[in-house]
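# Chain and residue survey
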Amino acid sequence: MENMEKRKVMLSGIQPSGDLHLGNYLGAVKNWAARAEEFDCYYFMADMHTITVRQTPADLRRRTLEQLAQYIACGLDPEKNTLFIQSHVPEHAQLGWVLNCYTMFGELSRMTQFKDKSAKHKDNINGGLFTYPALMAADILLYHPEYIPVGEDQKQHCELTRDVAIRFNNIYGNVFTVPEPYIPKVGARIMSLSNPTSKMSKSDPNGCVFLLEKPEDIMRKFKRAVTDSDTENCVRYAPAEKPGVSNLMGIYSSVTGKSYADIESEFVGRGYGEFKPAVGEAVVEALRPIREESQRIIADKAYLQDVYRSGAEKAGRIASRTLRKVYKKIGFVER
Ligand code: TRP
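Rules of the game
- Residues take numbers from 1 onward in each chain, read along the sequence in its written order.
- Residues qualify for local features only when their pLDDT is at least 70, as the model is predicted, and side-chain atom pairs are given and counted only at 80 or more; totals for whole chains, interfaces and linings, by contrast, use all residues.
- Excluded from the side-chain calculation are hydrogens and water; included are all heavy atoms of the structure.
- Each residue is placed in one exposure class: buried if its accessible area under a 1.4 Å probe, protein chains only, is under 20% of its type's maximum, exposed if it is over 50%, and partly exposed if it falls in between.
- In this text, helices come from DSSP runs of H or I with a minimum length of four residues, and strands from runs of E with a minimum of two, each type numbered from the N-terminal end.
- Any two strands with at least two DSSP-identified bridges between them are counted as paired.
- One heavy atom within 4 Å of a molecule or strand is enough for the residue carrying it to be called near that molecule or strand.
- Polar contacts here mean pairs of N or O atoms no more than 3.5 Å apart (in protein, one a potential hydrogen donor and the other a potential acceptor; neighbouring residues in sequence count only if both atoms are side-chain atoms).
- Only the protein chains shown count as cover for residues, with accessible areas throughout obtained via the Shrake-Rupley method and a probe of 1.4 Å.
- Each residue gets one label: Ala, Val, Leu, Ile, Met, Phe, Trp, Tyr, Cys and Pro are nonpolar, Asp, Glu, Lys and Arg are charged, and the others, such as Gly, are polar.
- Here the term cavity refers to a set of points on a 1 Å grid, laid over the protein atoms alone, in which a 1.4 Å probe fits but cannot get out; the term pocket refers to an open set having protein on both sides within 12 Å along at least five of seven lines, with lining residues being those that place an atom within 4 Å of a point.
- Grid points are joined across faces, edges and corners, and a volume is the space filled by probe spheres set on the points.
- Domain boundaries shown here were taken from an automatic or database domain assignment.
- It only takes one pair of heavy atoms within 4.5 Å for two residues to be counted as in contact.
- What counts as buried area is the accessible surface, traced by a 1.4 Å probe, that two parts surrender upon association, with contributions from both included.
- Counted as salt bridges are all cases of a side-chain nitrogen of Lys or Arg within 4 Å of a carboxyl oxygen of Asp or Glu.

## Brief notes about the pairing of strand E1 (residues 9–14)
The element E1 is largely enclosed, with a buried count of five among its six residues. The sheet contact formed by E1 and strand E2 (residues 40–45) spans six bridges and is parallel. Across the sheet, Met 10 pairs through a bridge with Cys 41, a residue of E2.

As structure tokens, then:
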């Protein structure tokens, strides 16, 4: 226990707004399980963040649970990681309000995600979309993490979190740990199968393989994968010249552990027509246990409930301690 307490904390939130795909898995989630050996890890489904954009209620509920099940199936052990649903820990909303009052209009106006999303959803530029970074700062600062593993797109929000934490600490003393974004070293960057110069993304479903997709659909997508219009029809790693084949090699290498040199010699004299289905089969096999385990977990509502309830309980203990301290510092009367 004492050992646990000294470990550094890492925390990240995931918006349950889409299904997980191969790019998420190979580029991120696959490496998360190992982190729990070194860090005290918190992962939460950021359901409160998703409603800044209109959601279909039944879909939001289903995806929140499915996402939790998929993370567990990918190896995030709920015994070793704290997995919870954001809205189950009301301190996020409570500290969110407080931090709204320590976050400047000008700072929020500079957020590129706000600019992008408000351009995209012109009919729904709501207050939550604007103040979202204050809620995100609360998500983070409640747990005193040293590191926040995020993608490049969240770096600006993490920097704002630091600024808000420093501002608060300067007024009230050392309340918050000032966290650092932790942007993983080039993990496998998986590109779209249909357009290998852009990242695999759920918005381009033909180029994107979802973790829960049926094997025959996965095979079809790989067989149709765009390879390069060079004339050599040869499996060779050359990302600039041959982005399609190189991306497939990256995927094949990630799921089989084979090096690029091994792959090149395995497919010497065999063209793309043989290589593409071989990658498809390797992916199907790699995803099979994840799919089966996800489906088993999704069906086991009692187990899932157990996981998110005990996660919320553990998170809630830490969160309420932080909130109590903040309330006291700013002068709220103790109940
Ligand atoms: N804003 C993040 C995203 O859109 C999700 C998120 C919410 C988050 N709260 C967080 C990430 C706290 C890290 C820490 O992806």
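More follows now that the structure is in view.
## Overview of the site of the ligand
Around the ligand there are 13 residues in total, and Gln 15, Tyr 132, Met 136, Asp 139 and Gln 154 lie nearest to it. Separating a nitrogen atom of the ligand from a side-chain N or O atom of Asp 139 is a distance of 2.7 Å. Relative to its unbound accessible surface of 370 Å², the ligand loses 91% to contact with the protein. Secondary-structure elements contributing two or more residues to the shell around the ligand are E1 and helix H9 (127–141). Tallying contributions element by element places H9 first for the shell around the ligand, with four residues. Residues of the shell around the ligand, tallied by class, amount to seven nonpolar, five polar and one charged.

## What about empty space enclosed by the protein?
Scanning all chains against the criterion turns up one cavity of 30 Å³ or more. Of the pockets and cavities examined, the largest cavity occupies roughly 50 Å³. Along its surface, the largest cavity is lined by Met 111, Gln 113, Phe 114, Lys 117, Leu 129, Phe 130, Tyr 132, Pro 133 and His 157. Elements supplying a minimum of two residues to the lining of the largest cavity: helix H8 (112–120) and H9. When residues in the lining of the largest cavity are grouped by element, the largest group, four residues, is from H9. Among the residues making up the lining of the largest cavity, the classes are represented as six nonpolar, two polar and one charged.

## Quick look at the domain arrangement of the protein
Reports often express the size of an interface as the amount of accessible area lost when the parts come together. Assigned domains within the protein: domain 1 (2–188 + 300–330) and domain 2 (205–294). For domain 1 and domain 2, the distance between their C-alpha centroids amounts to 33 Å. Contacts between domain 1 and domain 2 engage 12 residues on the former and 14 residues on the latter. Across the domain 1/domain 2 interface, buried area totals approximately 1,100 Å², and carbon plus sulfur atoms make up 77% of it. Where domain 1 meets domain 2, there are zero salt bridges.

## Observations concerning the environment of Pro 16
Relative to the elements of secondary structure, Pro 16 occurs in the loop between E1 and helix H2 (22–27). Separated by 208 residues in the primary sequence, Pro 16 and Arg 224 place their C-alpha atoms 29 Å from one another.

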